[in-house]
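# Results of the structural survey
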Amino acid sequence: MDFSKSQLNISHLKMICTIAQAETVKEAAESLFITQPALSNRIREAERRLKTKLFNRRGRKLIITTVGERLLHSAKKILEELARAEHDIARLSSGIELVLRLGLPHYASFRWLPDVMRQFSEHLPGIELEITANAAKQPLTALFHGEVDIAIVSSANQQLTLDNNLYGSEFLLEDELLACLSAKHSKAGQAFLTAQDFVDETYITNSVVPEKDREYELFFQPENIMPRKVLQVGFNEAIVELVKANIGVTIMSKNLIEPHLAGKTGTNALDGEGQIQTVRLGKLGVKIYWHLVYVKQPHLDSPVKLLTKILQR
């Protein structure tokens, strides 16, 4: 692709993103620190270069066209990547040799993070580890799109299927999905729970969208059962507090819930104050496996090796 033939510049991309967020033409112009006539001229210039309409004017508002929506989608990605590049360059010029982006799912535990930071500072002082929130929903997809360098993911299988020419993976540990209930809950004392046991429950979750290799696919879907009410809460700590208060139940990995079980491990442990109790899913339980997946590049060899060693420990 010949990038020299691009018809638009950064100011045009910033313009379309700003207009899409603004309530009125006046607000968009003020956000861009230009006058309304200057904004109108910039729109006309972009439309002339592309030979198509980007906005339709309705009163004081500008309504984006289908073509404009397509440009907006790309403009957001370009400006986000440019901002990241500028941020990285600022850090690289201050002595950091490499900014390593790590993608984690929103249901991951962070107990290991302080040790990782200390070890990286001691053994790889030129590398700065950055955990990006943008990859929380789909860290593996973020890796494939080049948004992160390393992703930590859980899977139903101990062996991942990847393009071995482009990506590498390291098995980290075996884990288990557990039902988490208040000790006051009537089902807290059961040896295990079936999917049917959740039918009349308020289920608290990070995501109402079924995720691959998680409880929806591995536990609810095989029985064609869903809880009667699903409450979406965006933070693991908030989910834990709601479960403590017996407002609903959830499913978390053993690795994630253990810090909330008063220092005890395994199932049927109590939080001294909140009394969270864990129960196995089904007679045999539901196992998951954590993996570290990375782009195969020479400069990642050392950080991947160190990160794997810490996480496996």
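Residues numbered from 1 in each chain as written. Predicted model: local features only at pLDDT ≥ 70, side-chain atom pairs only at ≥ 80, totals over all residues. Heavy atoms only, no water.

## Some remarks on the overall build of the chain
Across its full length, the chain holds 10 helices and 12 strands. Oriented by its inertia axes, the alpha-carbon framework of the chain measures out at about 70 × 50 × 35 Å. Considering the chain as a whole, with its 313 residues, one finds that 46% of them fall into the buried category. Across the chain, the fraction of contacts at a sequence separation of at least 24, relative to all contacts at a separation of at least 6, is 71%. As displayed, the chain has an accessible area near 17500 Å², and 50% of this comes from carbon and sulfur atoms. In the chain, 38 side chains carry a positive charge and 37 a negative one; their mean positions are 7 Å apart. (Helix = DSSP H or I, 4+ residues; strand = E, 2+ residues; numbered from the N terminus. Buried < 20%, exposed > 50% of the residue type's maximum accessible area, 1.4 Å probe, protein only. Contact = heavy atoms within 4.5 Å. Areas by Shrake-Rupley, 256 points an atom, 1.4 Å probe, with all protein chains shown as cover. Lys, Arg positive; Asp, Glu negative; His and termini not counted. Charge placed at Lys NZ, Arg CZ, Asp CG, Glu CD.)

## Examining the environment of Gly189
Locating Gly189 in the fold gives a position in the loop between strand S6 (167–182) and strand S7 (192–193). Classification of Gly189 by relative accessible area gives exposed; the value is 70%. Sequence separation of Gly189 and Gln277 is 88 residues, and the distance between their C-alpha atoms is 8.4 Å.

## Details of the packing of aromatic side chains
Inspection of every chain in the model, using the stated rule, returns 11 aromatic pairs. With a centroid separation of 6.2 Å and 75° between ring planes, the pair formed by Phe198 and Tyr203 is classed as edge-to-face. According to the relative accessible area criterion, Phe198 is buried, its value standing at 2%. Overall, Tyr203 belongs to the buried group, its relative accessible area being 0%. (Phe/Tyr/Trp six-rings, centres within 6.5 Å; stacked < 30°, edge-to-face > 60°.)

## Side note on the side chain of Glu47
The residue Glu47 is located in helix H3 (residues 36–50) in this model. For the buried Glu47, no salt bridge is present, and the opposite-charge side chain at shortest range is Lys53, 4.3 Å distant. In contact with Glu47, other than residues within four places in its own chain, are Thr52, Lys53, Leu54 and Phe55. (Salt bridge = Lys/Arg side-chain N within 4 Å of Asp/Glu carboxyl O.)

## Some points on the pattern of salt bridges
Taken as a whole, this structure holds 11 salt bridges when the rule is applied. Among the ionic pairs, Arg49 bridges to Glu45, the shortest N-O distance being 2.7 Å. With Arg49 and Glu45 both in helix H3 and 4 residues apart, this pair spans about one turn of that helix. What makes Arg49 partly exposed here is its relative accessible area of 28%.

## Quick notes on the side chain of Thr202
If you trace the backbone, Thr202 turns up in strand S8 (residues 202–205). For Thr202, the residues in contact, after removing those within four places along its chain, are Arg228, Lys229, Leu231, Ile247, Gly248 and Val249.

## A closer look at the pairing of strand S2 (residues 61–64)
Here strand S1 (residues 55–58) pairs with S2 via 4 bridges, running antiparallel. In the sheet register, Arg58 faces S2, and the bridge partner there is Lys61. (Pairing = 2+ DSSP bridges.)

## Looking at the nonpolar core
In globular proteins that are soluble, nonpolar side chains generally tend to be buried together. In terms of nonpolar packing, the biggest core is built from 64 residues, with Phe120 and Phe198 touching the most fellow members. With 7 residues, the top contributor of residues to this core is strand S12 (residues 286–295). The next biggest cluster of nonpolar side chains, apart from the first, holds 21 residues, and it includes Leu8, Leu13, Ile43 and Leu54. (Core = buried A, V, L, I, M, F, W, Y, C linked by side-chain atoms within 4.5 Å.)

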